[in-house]
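Breakdown of the fold
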Amino acid sequence: MTKVREQLIGLVSAAVKGGDGDIGAVDGIDWKALLAEASRQGVKGLVWSFVQSHPTCASSLSFEDKMEWYGNVRMTEAKIAKMWDEANEFATTLNEHCPDLRCVVLKGIDYAHYWPNPLHREFGDLDSWFGDDFERSNETAESIGARVEYHGDDKHTHTRFNGLMVENHRDFTDRLSRMDLLAEDTLREFMALRPARPMADNLALFSPNENFSALYLVLHAQGHFDEGIRLRHVLDWLFFVRAKQAEIDWARVVPAMKALGIYNFACCMTEICITLGADFKEIRNKHFGDFSGPCKELSRRMLEDIMGEQPYVYDMRMWKKALRILRRSRRLWTFRSLLSESYFHHMWTALAYNSVTGLKPKFG
């Protein structure tokens, strides 16, 4: 791991601990390179909130570096704040037309409200779920002037409302395997355990119950681990568990994780959180001890992988796709104990059902 990446982990850990602990020498930090790494990992706001309030760090930045960090963070905060406003306006407008439509938020925005500053958790769109009212929510969105795009994909539609992109979900998973089908059923069962609750006063956005979120957060991060995840995905778990650990029904969540093949992944995520300064040792020992042997070494390698270079997944040139497949096959073999299904089944699914073949699995 490069020196800059090690320094970034040190500063993220200090931010997680609230400023406690040794941050090491800061005089040799290349603040421009650190900004680039922090931006790539989606943590520049979190790091800056610590750096600007820490006397030693703040005094080590040149005026130019300080202004570059400040400008980058403020620009991102303004962008995220605008998306929050647009998301709430979308949900509010739908609710005004159909009072019984409830916009339950998945992924980015939902995880953001557990962060110390929600504007520091970057996301690209609103992921919504209206339960059994999927079709009616799309029809209502069209009636208020939004453009709903259907892609022949049963999982979700793309809705454009003002400047906001909304992924309106019918399903939680891609339904590409029997494990996906089991995950879909389990997530729906967990969603029904407790009603969603408003994120905050004056917001029309609802947050799923903590048992659902515990399962879905890990499942979603594991799904993206095929290509590679960022540090912000680990911090989602860290800040969520820190906020909701006492309310999570671990006796229900942990067996569900094991049944869905995401338990080992959750163990490593928790171990990385401890590395980053979270006080989760009791949680690890009590709920994630079954994988404690290989977990420490795997979590170390997993953190190195997260901090490493990740491919640009939206380059659709065939040779780029081929390189990504080769890279994926090597990585997934290395981390095969973290997969929900066997390595060979995982690779077969990736090769058989994709944008090139256009095939869909059939279960019967």
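1. Digging into the nonpolar core
Core analysis: the largest hydrophobic core is formed by 86 residues, its most contacted members being Val-12, Leu-235, Trp-237, Met-257 and Met-302. By residue number, the principal contributor to this core is helix H12 (residues 263-275), which donates 9 residues. Excluding residues that lie within four positions of it along the chain, Val-12 makes contacts with Val-43, Leu-46, Val-47, Leu-231, Leu-235 and Leu-276. In terms of nonpolar packing, the next biggest core, distinct from the first, is built from 26 residues, Cys-103, Ile-109, Phe-161 and Leu-164 among them.

2. Topic: the pattern of salt bridges
Overall, the coordinates contain 31 salt bridges when judged by the stated rule. The closest approach of N and O atoms between Glu-37 and Arg-5, which form a salt bridge, is 3.4 Å. Of this pair, Glu-37 sits in helix H2 (residues 31-40) while Arg-5 is found in helix H1 (residues 3-16), placing the two residues 32 residues apart along the sequence. The exposure class of Glu-37 is buried, given its relative accessible area of 12%. Exposure remark for Arg-5: the relative accessible area of 12% places this residue in the buried category. Across the pair Arg-284 and Glu-271 runs a salt bridge whose closest N-O atoms are separated by 3.2 Å. Of the two residues, Arg-284 sits in helix H13 (residues 281-287) while Glu-271 sits in helix H12, which places them 13 residues apart along the sequence. Summarising the burial analysis for this pair, Arg-284 and Glu-271 share the class buried. When salt bridges with common partners are traced through the structure, they connect Arg-5, Glu-37, Arg-40 and Glu-309 into a single cluster.

3. Quick look at the sheet that holds strand S4 (residues 156-161)
Taking strand neighbours across the sheet as the criterion, the 7 strands line up as S3-S4-S5-S2-S1-S7-S6 in an open arrangement whose pairing is mixed. The open sheet has two free edges, formed respectively by strand S3 (147-149) and strand S6 (197-198), since each of these has just one partner strand. The pairing of S6 with strand S7 (residues 205-207) spans 2 bridges and is antiparallel. Counterpart to Pro-198 in the pairing with S7 is Phe-206.

4. Some thoughts on the environment of Glu-184
Its location among the elements puts Glu-184 in helix H8 (residues 178-191). Classification of Glu-184 by relative accessible area gives buried; the value is 0%. With 12 residues separating them in the primary sequence, Glu-184 and Phe-172 have C-alpha atoms 6.0 Å apart.

5. Considering the packing of helix H9 (residues 210-224) against helix H10 (residues 231-244)
Orientation of H9 relative to H10, taken along the N-to-C sense of each, is 160°, at an axis distance of 11 Å. In terms of their interaxial angle, H9 and H10 are classed as roughly antiparallel. In the crossing of H9 with H10, the sense of the turn from one axis to the other is left-handed. In this structure, H9 uses Glu-210, Ser-213, Ala-214, Leu-217 and Val-218 to contact H10, whose residues at the interface are His-233, Asp-236, Trp-237, Phe-240 and Lys-244. A breakdown of the residues in the contact of H9 with H10 according to their chemical character gives 5 nonpolar, 2 polar and 3 charged.

6. With respect to the pairing of strand S5 (residues 164-169)
Every regular strand shows the same layout, with side chains that alternate between the two sheet faces. Along S5, 6 of the 6 residues are buried, which leaves the element largely enclosed by surrounding structure. As paired strands, strand S2 (residues 126-129) and S5 are joined by 4 bridges and run parallel to one another. Paired with Asp-127 across the two strands is Glu-167, which belongs to S5. With 6 bridges joining them, S4 and S5 adopt antiparallel strand pairing. If you follow His-156 over to S5, its bridge partner there is His-169. Between the antiparallel neighbours S4 and S5 lie 2 residues, among them Asn-162 with a positive phi of about 55°.

7. Examining the side chain of Ser-213
Note that Ser-213 resides in helix H9. Ignoring any residue separated from it by four or fewer positions in sequence, one finds Ser-213 in contact with Asp-110, Pro-208 and Phe-240.

8. Quick look at the packing of aromatic side chains
The tally for this structure, following the rule as stated, stands at 15 aromatic pairs. Residues Trp-129 and Phe-172 carry aromatic rings whose centres are separated by 5.0 Å and whose planes lie at 35° to one another, so their mutual orientation is tilted. Taken together, the positions of Trp-129 in strand S2 and Phe-172 in the loop between S5 and H8 put the pair 43 residues apart, joining distant regions of the chain. Residue Trp-129 is classed as buried on the basis of its relative accessible area, which comes to 11%. Taken together, a centroid distance of 5.5 Å and an interplanar angle of 65° make the contact between Phe-225 and Phe-265 edge-to-face. Here Phe-225 is found in the loop between H9 and H10, whereas its partner Phe-265 is found in helix H12, with 40 residues between them in sequence.

Rules behind the numbers
Residues numbered from 1 in each chain as written. Predicted model: local features only at pLDDT ≥ 70, side-chain atom pairs only at ≥ 80, totals over all residues. Heavy atoms only, no water. Core = buried A, V, L, I, M, F, W, Y, C linked by side-chain atoms within 4.5 Å. Buried < 20%, exposed > 50% of the residue type's maximum accessible area, 1.4 Å probe, protein only. Helix = DSSP H or I, 4+ residues; strand = E, 2+ residues; numbered from the N terminus. Contact = heavy atoms within 4.5 Å. Salt bridge = Lys/Arg side-chain N within 4 Å of Asp/Glu carboxyl O. Pairing = 2+ DSSP bridges. Axes fitted to C-alpha atoms, helices over the stretch in contact; angles between N-to-C directions. Parallel < 35°, antiparallel > 145°, perpendicular 65-115°, else oblique. Left-handed = near helix turned anticlockwise from the far one by under 90°. Nonpolar A, V, L, I, M, F, W, Y, C, P; charged D, E, K, R; others polar. Phe/Tyr/Trp six-rings, centres within 6.5 Å; stacked < 30°, edge-to-face > 60°.

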